[in-house]
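Letter by letter, the chains look like this.
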Amino acid sequence: MPATPGWCVWLTGRVGAGKTTVATAVLDQLRTRGASVALVDEPEVGAHLDQGDRLGALVWVISILADAGVVALVAADEPRQATREQVRVAVPSFVEVLVDAGAGPDDYEEPYAPELRVPTRGRSPEASAAQVVSWLEDHGALAAETPEGPQPRPRPGASRSGS
């Protein structure tokens, strides 16, 4: 196991909220900083690995990445809170980010207590991504940018309080 374990940043939200767009912008910002990061797009996983257990395939991929010290950005259309809670239990260092574009389909169950709520209406993907990156810095998942260069990441804590 690497000295600094990875994280699962699960971007959730209604269909069309901008989950993949924000995740791609976060990916770009983290890569610019030299972070080990991967985008796990749920439809892609389903197309390549799903053999009747879409969620199991997704958790498997995320767990492998997190165990390797990678920040796994997950953009998934998972409308049920209970299902997302199953992933939270199965994946260490799980961070739920509500990508909030406002009203949408009624079958979506908003998270009870997401670590972060990112509004996207009238906001650039880069601004939304910067909010996610800032949260990751504040909670030890990513070294803060300093003039001296990146600082080592501490191990993830148990705190779930968010901005």
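None of the values given here were measured: they were computed from a predicted structure.

K.L.:
Got a minute to help me understand the sheet that holds strand 5 (residues 116–119) in this structure?
P.N.:
Whenever strands of a sheet pair, they do so through backbone hydrogen bonds, lying parallel or antiparallel. Here we have five strands laid out as an open sheet, ordered 2-3-1-4-5, and parallel in their pairing. Lying at the two open borders of the sheet, with one neighbouring strand each, are strand 2 (37–41) and strand 5. If you compare each strand with its neighbour and ignore which way they point, the axes differ by 20 degrees on average. For strand 1 (residues 7–12) and strand 3 (residues 71–75), the ladder comprises five bridges, and the chain directions are parallel. Among the inter-strand pairings, valine 9 is bridged to a residue of strand 3, identified as leucine 73. Along the sheet, helix 4 (residues 81–90) contacts strand 1 and strand 4 (94–100); its crossing angle with strand 4, the most-contacted strand, is approximately 150 degrees. Packing of helix 5 (residues 125–138) onto the sheet brings it into contact with strand 1, strand 4 and strand 5, and relative to strand 5 it is tilted by some 165 degrees.

K.L.:
Could you clarify how one ought to interpret the nonpolar core in this entry?
P.N.:
The nonpolar side chains of soluble globular proteins are, as a tendency, buried together. Counting residues in each nonpolar core, the largest one holds 26 residues, and the members touching the most others are Val9, Val26, Leu30, Val97, Val132 and Leu136. Of all the secondary-structure elements, those providing two or more residues to this core are strand 1, helix 1 (19–32), strand 3, strand 4, strand 5 and helix 5. Residue contacts for valine 9: discarding those within four places in its chain leaves Val71, Ala72, Leu73, Val74, Val95, Val97, Val132 and Leu136.

K.L.:
I would appreciate a short explanation of the pattern of salt bridges in the present structure.
P.N.:
Opposite charge on two side chains makes pairing possible when the charged atoms of those side chains draw close. Counted according to the given criterion, the structure contains ten salt bridges. A salt bridge links glutamate 115 to arginine 88; the shortest N-O distance between them is 2.8 Å. With a gap of 27 residues between them, glutamate 115 in the loop between strand 4 and strand 5 and arginine 88 in helix 4 connect regions that are remote in the sequence. Summarising the burial analysis for this pair, glutamate 115 and arginine 88 share the class buried. One salt-bridge network, held together by shared partners, links Arg84, Glu85, Arg88, Glu96 and Glu115.

K.L.:
Is there a simple way to think about helix 4 in this case?
P.N.:
The periodicity of an α-helix, 3.6 residues per turn, causes residues three or four places apart in sequence to face the same way. Of the residues making up helix 4, those classed as buried are Gln81, Thr83, Arg84, Val87 and Arg88. Down the axis of helix 4, the sector holding all buried residues measures 165 degrees, keeping them to one side. Of the residues in helix 4, the exposed ones pointing more than 90 degrees away from the buried face are Ala82 and Val89. Those residues of helix 4 hidden inside the fold are in contact with strand 1, helix 3 (54–67) and strand 4.

K.L.:
Could you clarify how one ought to interpret the packing of aromatic side chains in this entry?
P.N.:
Centre-to-centre distance and the angle between the planes together describe a pair of aromatic rings. Counted under the stated rule, the structure contains two aromatic pairs. Ring geometry for tryptophan 10 against phenylalanine 94: centres 5.9 Å apart, planes inclined by 40 degrees, an arrangement best described as tilted. With tryptophan 10 in strand 1 and phenylalanine 94 in strand 4, this pair connects stretches of sequence that are 84 residues apart. By relative accessible area, which is 7% here, phenylalanine 94 ends up buried.

K.L.:
What am I meant to see in the environment of valine 37 here?
P.N.:
Structurally, valine 37 can be placed in strand 2. Separated by 32 residues in sequence, valine 37 and glycine 69 place their C-alpha atoms 8.7 Å apart.

K.L.:
Explanation requested: helix 1 in the structure shown.
P.N.:
With 14 residues, helix 1 should cover 20 Å at 1.5 Å per step; its first-to-last C-alpha distance of 20 Å lies within 8% of that length. Among all positions of helix 1, only Lys19, Val22, Ala23, Ala25, Val26, Leu27 and Leu30 are buried. At the C-terminal side of helix 1, glycine 34 shows a positive phi close to 85 degrees.

Reading the values: the criteria
- Residues numbered from 1 in each chain as written.
- Predicted model: local features only at pLDDT ≥ 70, side-chain atom pairs only at ≥ 80, totals over all residues.
- Heavy atoms only, no water.
- Pairing = 2+ DSSP bridges.
- Helix = DSSP H or I, 4+ residues; strand = E, 2+ residues; numbered from the N terminus.
- Axes fitted to C-alpha atoms, helices over the stretch in contact; angles between N-to-C directions.
- Contact = heavy atoms within 4.5 Å.
- Core = buried A, V, L, I, M, F, W, Y, C linked by side-chain atoms within 4.5 Å.
- Buried < 20%, exposed > 50% of the residue type's maximum accessible area, 1.4 Å probe, protein only.
- Salt bridge = Lys/Arg side-chain N within 4 Å of Asp/Glu carboxyl O.
- Arc of directions from axis to C-beta.
- Phe/Tyr/Trp six-rings, centres within 6.5 Å; stacked < 30°, edge-to-face > 60°.
- Expected span 1.5 Å × (residues − 1).

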